[in-house]
Every structure is written in C-alpha cells, then in structure tokens.
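# Descriptive structure summary
What follows is the residue order along each chain.
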Amino acid sequence: MQSTETVLSVLRERGRRGLPLERLYRQLFNPQLYLVAYRKLYSNAGAMTPGVTGETVDGMSLAKIGQIIDTVRLERWKWSPVRRIFIPKKNGKRRPLGLPTWSDKLLAEVVRMLLNAYYDVQFSEHSHGFRPGRGCHTALQEIVDVWNGTRWFIEGDIARCFESLDHRVMLEALGEKIHDNRFLRLVGSMLSAGYLEDWKWGATLSGSPQGGVASPVLSNIYLDRLDKYVETQLLPMFNRGKRRVENPAYERASAAIRRARRQGDRAAVRTLRLHRRALPSKDPYDPDYRRLRYVRYADDVLLGFSGPKAEATQIKHLLGRFLREELKLICDEVTSYIAALWQQ
C-alpha cells in the first residue's frame, strides 16, 4: 500500500500537468490516508461533538477504519444526515452549521485530502480562501502591492453561497477532471445526505454541508469556474495599454518647480511641491489605458478597475449574469456595488 505522501504527490503532479483522474475511488481503500486524516481531526474541538448519533473520536481504532474501508469498497457507504444547529453572525442573523458523525467526518477528510492535492495546484493565483499558505492577509497584500491607480472597486458578496451551490453544476465541474463515476456518486450522495433539525429530516437540494470538512475545497472547485471566467473573459476584454501617459498637470507642476529652483525661489519650490503631491503623476483619464484586477477570498469577490464608471458598471452586469446563468448563484444586491476610490 502506497504511503500518504506518495499518493498525494502523484495527485499533485497530475493536477499540475492538467491530467485527468480515472481511478480515484480506489485510493479510499488506503488505510494510511485514514490515519493521516485522524491525526488532522482528533485534536479539533469538534472531535468530541456528536452528530445525529453518539459517535465521536472516542473509541477510534484500526478496526473501525477497516470497517469504513470495507463498506466503501463494496459501495455501500451511506452518509448520515448532519445535525443542524445555528450560530450567531455579527449582523444579528444566524448561520446554519452541520455537525456530521465522526465516521462521516473521517471519510470526508480523506476525500478532502485527495481533492485538495489534485486541485489546489490548478486553482487561480487570485483565489485566497481555504488554501494552504493563503488567507485574507495574502489577498489584502495582493491589493496593496498590485492595485496601484485603481479608480473603481466592484465588490460582490454572493448571497448564501455555500447553501446555494448547485449540485448538478458541482458534479459537472468535478466530472470535467475526475473520470470515476464511483467517486462522483460518493460525493453526490454526501451533498444530498440531508440534515436533522429538531429531529426532523430536511433535504439538501443545493449547497455543501456547513461544517463539513470537504465543503471548503468543494466550494473552491465550484467557484474556480468564476475565476477562470474573469481571467479568460473579463480581464482580456477590459485591459488595454501597457502604461498610462504622463499627467499634463503633473508635468507642468514639475516644470514650474525646476524654474523656481533655477531662480532660487525656495518658498515657491515648497508651495509647488505641496501642490504637486495632490496630483497623480499619470493621466487618470488616459483613453488608451484600462486595467482590471481581480481577487477572491472564499465567496467574497473584489474587482478593481482603472477606467470610466460606465465600463465598471458593465463589468458588474457581466459578472452578475455569469453567476446567475452559469453558476446558478445570486450576487447580493445589498453588497454588490460600485464605489469610487477617488475622484477629481
């Protein structure tokens, strides 16, 4: 049986080369993966929190791992519905959270490890959520380092994103690279396992399980389609020119400073320098220059645009249409807006 690092390294290499996966399901028979998954989960605060049954990490054994593998091998694994609770949000509302049983959580972690190894190397450089070595700070750093001269911000907060992921679209996205129907059926049954709230079963017709360990990577696989659309469609469509032309007002102020220096007028130099500091060095209205930039953290989307407001509005409409028609998601109108960074 191959070691965990060998399995994951092979998957990463295939992902890096863009090669499909054809027999991924059989990797779920490897007990080494379950031992690594156990080490990742057993110390978490939720490991002792029961789902719909009383099962927790307590009492975990190699025999139980063997039972899980045997059931998966025979394709008889049945995901239990998650126990739904609600946790408060900062805005006063409540967010549903699903608590899976321990065995489901362990198998889901193995699924997550396999998917993450294969897909993470293929994800966009502009995606920062739920990825190793990335987070909100790397997203902000990209904005600080690269987004110089941005005039308009276009922000989209996808409404109830993780509850609204379309299962058909999700399985289509997985099926583009994973040519293994057994693995796809297992993921599909995990998505549709349902939930128990006040001991009443509810169907999960869309979304990934809140609190499920595989949900973050599944949401990134889903939203990678958005990343690819922005990078291959919107950025080429709205980017123009290599650099802005010089701002005439800034150049005139610089020429005036040079004349004042030659004349020895120090007071005029100080006054002109203060005036020049308030001017952009490049022409913000250069008709031959446009620059669109993009970053995503989980379900929060931000685009920065250097150009006229009319084109920024067009970008917003194109983004909203793609989310609705291709990903079956809605951009929350409360937080989807165009904001001026600065105006003259």
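This report concerns the structure included in the present document. (Residues numbered from 1 in each chain as written. Predicted model: local features only at pLDDT ≥ 70, side-chain atom pairs only at ≥ 80, totals over all residues. Heavy atoms only, no water.)

### Here we look at the pairing of strand S6 (residues 291-297)
Summarising burial for S6: 6 of the 7 residues are buried, a large majority. Sheet topology places S6 next to strand S7 (residues 300-306); 7 bridges connect them, and they run antiparallel. When the sheet's bridge partners are listed, Tyr294 is paired in S7 with Leu303. Linkage of S6 to S7, two consecutive antiparallel strands, is achieved through a turn of 2 residues, within which Ala298 is found at a positive phi near 55 degrees. (Buried < 20%, exposed > 50% of the residue type's maximum accessible area, 1.4 Å probe, protein only. Helix = DSSP H or I, 4+ residues; strand = E, 2+ residues; numbered from the N terminus. Pairing = 2+ DSSP bridges.)

### Describing the packing of aromatic side chains
Enumeration over the complete set of coordinates arrives at 9 aromatic pairs. Note on Tyr25 and Phe29: the rings are 5.7 Å apart at their centroids and 90 degrees apart in plane angle, and the pair reads as edge-to-face. Among the residues examined, Phe29 registers a relative accessible area of 13% and is labelled buried. Relative to Trp79, the ring of Trp77 lies with its centre 6.1 Å away and its plane at 80 degrees, an arrangement referred to as edge-to-face. Look at Trp77 and you get buried, because its relative accessible area is 15%. One aromatic cluster is present, built from ring pairs that chain together Tyr38, Tyr42 and Trp102. Directly above the ring of Phe29 sits Arg73, whose terminal nitrogen or CZ lies 4.6 Å from the centroid. (Phe/Tyr/Trp six-rings, centres within 6.5 Å; stacked < 30°, edge-to-face > 60°. Lys NZ or Arg CZ within 6 Å of the ring centre and 35° of its normal.)

### Describing the packing of helix H7 (residues 167-177) against helix H8 (residues 181-191)
Two elements in contact, H7 and H8, have axes separated by 11 Å at closest approach and are oriented at 155 degrees. Put simply, H7 runs roughly antiparallel to H8. Considering how the two elements wind past one another, H7 and H8 form a crossing that is right-handed. Between H7 and H8, the contacting residues are His167, Met170, Leu171, Leu174 and Gly175 on the first element and Leu184, Val187, Gly188 and Leu191 on the second. Its residues assigned to classes, the contact of H7 with H8 comprises 6 nonpolar, 3 polar and no charged. (Axes fitted to C-alpha atoms, helices over the stretch in contact; angles between N-to-C directions. Parallel < 35°, antiparallel > 145°, perpendicular 65-115°, else oblique. Left-handed = near helix turned anticlockwise from the far one by under 90°. Contact = heavy atoms within 4.5 Å. Nonpolar A, V, L, I, M, F, W, Y, C, P; charged D, E, K, R; others polar.)

### Some details on helix H1 (residues 4-17)
An α-helical turn contains 3.6 residues, so a residue and the one three or four places further along point in the same direction. Under the 1.5 Å per step criterion, the end-to-end length of H1 is 20 Å for 14 residues, consistent within 8% with the ideal 20 Å. On its buried face, H1 sits against helix H2 (31-41) and helix H4 (102-119). Positive phi shows up at Gly18, right after H1, with a value of about 75 degrees. (Expected span 1.5 Å × (residues − 1).)

### Some details on a positive patch on the surface
The grouping of Arg258, Arg259, Arg261, Arg262, Arg273 and Arg277 at the surface amounts to a positive patch. Of all the secondary structure elements, the ones that give two or more residues to the positive patch are helix H10 (248-263) and helix H11 (266-277). Turning to its location among the elements, Arg262 is positioned in helix H10. (Patch = residues over 30% accessible without salt bridge, like charges linked within 9 Å, V, L, I, M, F, W, Y side chains within 5 Å. Areas by Shrake-Rupley, 256 points an atom, 1.4 Å probe, with all protein chains shown as cover. Salt bridge = Lys/Arg side-chain N within 4 Å of Asp/Glu carboxyl O. Lys, Arg positive; Asp, Glu negative; His and termini not counted. Charge placed at Lys NZ, Arg CZ, Asp CG, Glu CD.)

### Brief notes about the pairing of strand S2 (residues 94-99)
In this structure, strand S1 (residues 82-88) lies alongside S2, joined through 6 bridges in antiparallel fashion. Considered in S2, the bridge of Arg84 is made with Gly98. Here S1 folds back onto S2, and the loop between the two strands holds 5 residues, one of which, Gly92, carries a positive phi near 95 degrees.

### A short note on the nonpolar core
Core analysis: the biggest nonpolar cluster contains 79 residues, and Leu28, Tyr34, Leu114, Leu115, Leu174 and Phe183 have the highest contact counts within it. Among the elements that make up this core, the one with the highest residue count is H4 (12 residues). Those residues in contact with Leu115 that sit more than four places away from it in its chain are Asp120, Leu174, Ile178, Phe183, Val217, Leu218 and Ile221. (Core = buried A, V, L, I, M, F, W, Y, C linked by side-chain atoms within 4.5 Å.)

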